[in-house]
Amino acid sequence: MARASAPPVLLLTGFEPFDGETVNPSWEVTRALQGQRLGAAAVAAVQLPCAFATALPALQAALDAHRPHWVLALGLAGSRSAISVERVAVNLVDARIPDNAGAQPVDQPVVDGGPAAYFTGLPAKAIVARLQQVSLAAELSHSAGSFVCNQVFYGLMHALERHPGVVGGFIHLPPLPEQADRHPAARPMALADQVQGVREAAALLVAGAAELHRPGGRID
Ligand code: PCA
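This text gives an overview of the structure that appears in the document. Quick caveat, the model's predicted, so the values are computed rather than measured.

Scoring rules and cut-offs
- Residues numbered from 1 in each chain as written.
- Predicted model: local features only at pLDDT ≥ 70, side-chain atom pairs only at ≥ 80, totals over all residues.
- Heavy atoms only, no water.
- Buried < 20%, exposed > 50% of the residue type's maximum accessible area, 1.4 Å probe, protein only.
- Helix = DSSP H or I, 4+ residues; strand = E, 2+ residues; numbered from the N terminus.
- Contact = heavy atoms within 4.5 Å.
- Pairing = 2+ DSSP bridges.
- Axes fitted to C-alpha atoms, helices over the stretch in contact; angles between N-to-C directions.
- Near = heavy atom within 4 Å.
- Polar contact = N/O pair within 3.5 Å; in protein donor to acceptor, adjacent residues only side chain to side chain.
- Areas by Shrake-Rupley, 256 points an atom, 1.4 Å probe, with all protein chains shown as cover.
- 1 Å grid on protein atoms, 1.4 Å probe; cavity = no way out; pocket = protein on both sides within 12 Å on 5 of 7 lines; lining within 4 Å.
- Sits in = over half its atoms within 2 Å of the grid points.

Observations concerning helix H1 (residues 25–33)
Working step 1: Counting buried positions over the 9 residues of H1 gives 7, a clear majority of the element.
Working step 2: For H1, the complete set of buried residues consists of Pro25, Ser26, Trp27, Glu28, Val29, Thr30 and Leu33.
Working step 3: Elements that come into contact with the buried residues of H1 comprise strand E1 (9–15), strand E3 (41–48), strand E4 (70–76), strand E9 (167–173) and helix H5 (191–206).

Laid out in structure tokens, this is it:
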């Protein structure tokens, strides 16, 4: 008997805790959504190591294993008070602190000979507008930094060059309330709100929502 065909996969990745912390909202959100249906998609959740040498091999293994139609990579931005949809990944690694394996590479490319940058495949402004509509703190971001998150974002967009039709991007999340002491400059966001924000973003991605071409840049 023919089996119903499996639903297309949305690969959701989150990072393990880093910098001596015991929790990372990106993994808490990712695992909360594991196995759920988001519109047409089934969510596959994968944890990535916060280590330059192993993060991209782990991402590639997840791409090979799940053959997703969509990829949403998440990370913590400890200084931010809003869900930040990243627009640009740069071909640069410059680590301010050591990663979880003790490596602290400085001024290296993510991909030797790769282009200087990639733009996100997400409808970034449409996602920010939707999150704000449902009263979640959300913003566009023009830099994902130069640590492991930017490396994964760049490596993801580089890998997707070879997979036309697969759409992906990166979103940074603010700290959780239990991380407030470690991140005094940021306004934390409850896990339930972060999960809701990522669900909304993923739903737009899976639905193929168009980008909103309205002003959203910065002058600073
Ligand atoms: N945030 C770090 C790496 C892992 C994470 O969750 C970053 O922004 O690079």
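Now that the structure has been shown, we can carry on.
Describing the sheet that holds E9
Working step 1: The mixed open sheet is built from 7 strands, whose spatial order is E2-E3-E1-E4-E9-E5-E8. Each end of this open sheet is capped by a strand with a single partner; those strands are strand E2 (37–38) and strand E8 (138–141).
Working step 2: Pairing analysis gives 2 bridges linking E2 to E3, with the strands arranged antiparallel. Residue pairing for E3: arginine 37 is matched across the bridge by alanine 42.
Working step 3: Sheet strands touched by H1: E1, E3, E4 and E9. Its angle to E1, the strand with the most contacts, is close to 150 degrees.
Working step 4: Against the sheet, helix H2 (residues 52–66) makes contact with E1, E3 and E4, and its axis sits at roughly 155 degrees relative to E3, the strand it touches most.

Quick notes on the site of the ligand
Working step 1: Lining the immediate environment of the ligand, one finds Phe15, Phe18, Asn24, Cys50, Gly75, Leu76, Phe147, Val148, Cys149 and His172.
Working step 2: One of the side-chain nitrogen or oxygen atoms of asparagine 24 is found 2.9 Å away from an oxygen atom of the ligand.
Working step 3: Side-chain polar atom of histidine 172 to an oxygen atom of the ligand: 2.8 Å apart, as the coordinates give it.
Working step 4: Contact with the protein chains hides 94% of the accessible area of the ligand, taken as 260 Å² for the molecule alone.
Working step 5: Among the cavities detected, the one that contains the ligand is the largest pocket.
Working step 6: Those elements that place two or more of their residues in the shell around the ligand are E4 and helix H4 (148–160).

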